[in-house]
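Analysis of the macromolecular model
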Amino acid sequence: MKIYKYECRRLLWNKFFFGIGLVLLFYGWQVLNRVTILGVSRTAPFSPWSFGDYLSRILPLLWAGALFFLSFFTSVRAKRADILTDATPVIPWKYGLARCGAAMTGTGLLTLLCLGEAFVFYGWYFNWYQWEILLPTVTAALIPPLVLGLGSGWLLGRCRPWLLYVWMLFPFMCRVLPLPKALGLWDGRFFTEYPQTLGILDPVFSMPASVIAVQLLAFAAGVLLLVFNRPAGRGTRRF
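Keep in mind the model is a prediction, meaning the values are calculated, not measured. (Residues numbered from 1 in each chain as written. Predicted model: local features only at pLDDT ≥ 70, side-chain atom pairs only at ≥ 80, totals over all residues. Heavy atoms only, no water.)

Below, the discussion takes up empty space enclosed by the protein. Evaluated as defined, the whole model comprises one cavity of 30 Å³ or more. Lining the largest cavity are Ser41, Arg42, Pro195, Gln196, Ile200, Leu201, Asp202 and Pro203. Taken together, the residues that form the lining of the largest cavity break down as four nonpolar, two polar and two charged. (1 Å grid on protein atoms, 1.4 Å probe; cavity = no way out; pocket = protein on both sides within 12 Å on 5 of 7 lines; lining within 4 Å. Points joined across faces, edges and corners; volume = space filled by probe spheres on them. Nonpolar A, V, L, I, M, F, W, Y, C, P; charged D, E, K, R; others polar.)

Right under this line is the structure:
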């Protein structure tokens, strides 16, 4: 717990965290005021579809933020410090778990910052506070990709630290490449195109089986990467 608290202070009490937080707030507010406020696919601005479109637009920045957190642990400087931590009595996998928890905490706080901004926007402009109906959208659109990003980031960062910065481009590429419909949550087109296929105005949020399967696979892959990348014993490479 002491290591976890130390790593959280190191990640969160620095210029990067406040900088990426300000960038997310500024960009999120621009999306809310210029896109979300109009609604997408003839749905209300506070519908799960319009809210999902907002989440898909800020996801690339959240993904990059999560990988930046991992760079604190996988950089060349951090690997040099591993020589010192090898001499401590801390069990390696617990040490890695504390670091993983700190990275997840930082990513979670950035996510809550973006969600809080959207909730303030809905309350300020529309006096709308039924936030619970948006939870399925958050679960489907953000949790699987962010878990996959953390898991794959651990693996790439341990192999080559610079691969983390290349991997940050992945969600940006997804938004410009012609992906199949099953990957619609990754390029954002799902929230703008799928409601129109349902044949009703402002439909209830739902997902086809193919999209659900892709998100479950992404979540499972991220969890497996986090589990199997943990160090097995002293003297092995850590996160």
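Under the defined criterion, the tally for this structure stands at 31 aromatic pairs. Seen from their ring centres, Phe16 and Phe69 are 5.6 Å apart, and the 85° between their planes marks the pair as edge-to-face. Within this pair, whereas Phe16 is found in helix H2 (residues 15-34), its partner Phe69 is found in helix H3 (residues 48-74), the two being separated by 53 residues in sequence. Note on Phe69: relative accessible area 0%, which makes it buried. Where Trp49 meets Phe190, the ring centres are 5.8 Å apart and the plane angle is 45°; that geometry is what we call tilted. Here the residue Trp49 occupies a position in helix H3, and Phe190 occupies one in helix H11 (residues 189-197), the gap between them amounting to 141 residues. Among the aromatic residues, those joined into a cluster by ring pairs are Trp29, Phe46, Phe51, Tyr54, Phe119, Phe121, Tyr122, Tyr125, Phe126, Trp128, Tyr129 and Trp131. (Phe/Tyr/Trp six-rings, centres within 6.5 Å; stacked < 30°, edge-to-face > 60°. Helix = DSSP H or I, 4+ residues; strand = E, 2+ residues; numbered from the N terminus. Buried < 20%, exposed > 50% of the residue type's maximum accessible area, 1.4 Å probe, protein only.)

Before going further, it helps to spend a moment on the pattern of salt bridges. Using the criterion set out here, one finds two salt bridges in the structure. For Arg57, the salt bridge is made with Asp53, and the minimal N-O distance between the two is 2.9 Å. Of this pair, Arg57 and Asp53 both sit in helix H3, separated by four residues, roughly a single helical turn. The partly exposed category is assigned to Arg57, whose relative accessible area is 27%. On the basis of relative accessibility, which here comes to 2%, the residue Asp53 falls in the buried class. Across the pair Asp187 and Arg189 runs a salt bridge whose closest N-O atoms are separated by 2.8 Å. For Arg189, a relative accessible area of 30% corresponds to the partly exposed category. (Salt bridge = Lys/Arg side-chain N within 4 Å of Asp/Glu carboxyl O.)

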